[in-house]
Amino acid sequence: MSSQNLRIGILALQGAVQPHVEKLRALSAEPVEVRQPKDLDGLSGIILPGGESTTMIQLLKLNHLWDPLARFTRERPAWGLCAGTILLAKEVVHPAQESFGAIDISVSRNAFGRQLDSFIEIVSPTDHWVDQNRQEAVFIRAPRITQVGSGCDILFQMKSEPIMVRQGHALATTFHPELSTSDIFHRYFVDLSEQHG
Ligand code: GLN
């Protein structure tokens, strides 16, 4: 299958949706905005964007999407970014809240403190990533990944802390690649969806 036939969902209840639409279109994948359960039909993967995770949880329940999306993310390609990472995580603290448990990480919300609420940093790939190029990463009230299960691969780190992690078909990024010029992260998820979707 070429990425031309690939339908990739973007959870579109709240948060940073449009930049993902543009990145996916530029890669010839078809972006599908997901607002109700039937929007999940026929998707090869789904992006859970940045935003406010507590609000997203409320809207997911209101729109009857919590259970279908929990199932989808445990079985199919799913990429959480920032708030989306919080939704995918196995454990959330500071404060604790419900999550899908699609990826074996613990996260602490808003963990960079006030002065560092938002910042841009040059970050480094590990050997699990596709190349050895450092990348710009935009962090906005980001969570910290405080624990990584043994089944997960760390793909990117900032200094020595994990900021992008993969477990099979589940991908989690604490920063916002949709706000940088590089398309390498979206390309990686499109490829993952092509292989596992
Ligand atoms: N601080 C937000 C939360 O806890 C996440 C921020 C973001 O997605 N940029 O849900």
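Here the structure is a predicted model, which means the values were calculated and not measured.

1. Digging into helix α5 (residues 184-196)
Since the α-helix packs 3.6 residues into each turn, any two residues three or four apart lie on the same face.
Point 1. Here α5 contains 13 residues, and its C-alpha end-to-end distance of 18 Å stays within 8% of the 18 Å for a straight helix at 1.5 Å per residue.
Point 2. Buried residues of α5: I184, F185, H186, Y188, F189, V190, L192 and S193, and no others.

2. Let's talk about the pattern of salt bridges
Point 1. As enumerated under the stated definition, the model contains seven salt bridges in all.
Point 2. A salt bridge links E52 to R109, with the nearest nitrogen and oxygen atoms 2.9 Å apart. You can see E52 sitting in the loop between β3 (45-48) and α2 (53-62) and its partner R109 sitting in the loop between β6 (103-108) and β7 (118-125), a full 57 residues away along the chain.
Point 3. Linking E98 and K61 is a salt bridge whose minimum nitrogen-to-oxygen distance equals 2.5 Å. Residue E98 is found in the loop between β5 (89-93) and β6, and its partner K61 is found in helix α2; the two are separated by 37 residues along the sequence.
Point 4. For E98, a relative accessible area of 43% gives the class partly exposed.

3. So, empty space enclosed by the protein
Point 1. For the structure shown, the criterion picks out one cavity of 30 Å³ or more.
Point 2. Approximately 30 Å³ is the volume found for the largest cavity.
Point 3. Split into classes, the residues belonging to the lining of the largest cavity amount to four nonpolar, two polar and two charged.

4. Notes on the site of the ligand
Point 1. Near the ligand, the surroundings consist of G50, G51, E52, S53, C82, A83, I86, R109, N110, I140, R141 and H176.
Point 2. With respect to the ligand, the backbone of A83 contributes an N or O atom lying 3.0 Å from an oxygen atom.
Point 3. A distance of 3.0 Å separates a nitrogen atom of the ligand from a polar side-chain atom of H176.
Point 4. In isolation the ligand has 300 Å² of accessible area, and contact with the protein removes 96% of it.

Quick notes on the rules
- Residues numbered from 1 in each chain as written.
- Predicted model: local features only at pLDDT ≥ 70, side-chain atom pairs only at ≥ 80, totals over all residues.
- Heavy atoms only, no water.
- Helix = DSSP H or I, 4+ residues; strand = E, 2+ residues; numbered from the N terminus.
- Expected span 1.5 Å × (residues − 1).
- Buried < 20%, exposed > 50% of the residue type's maximum accessible area, 1.4 Å probe, protein only.
- Salt bridge = Lys/Arg side-chain N within 4 Å of Asp/Glu carboxyl O.
- 1 Å grid on protein atoms, 1.4 Å probe; cavity = no way out; pocket = protein on both sides within 12 Å on 5 of 7 lines; lining within 4 Å.
- Points joined across faces, edges and corners; volume = space filled by probe spheres on them.
- Nonpolar A, V, L, I, M, F, W, Y, C, P; charged D, E, K, R; others polar.
- Near = heavy atom within 4 Å.
- Polar contact = N/O pair within 3.5 Å; in protein donor to acceptor, adjacent residues only side chain to side chain.
- Areas by Shrake-Rupley, 256 points an atom, 1.4 Å probe, with all protein chains shown as cover.

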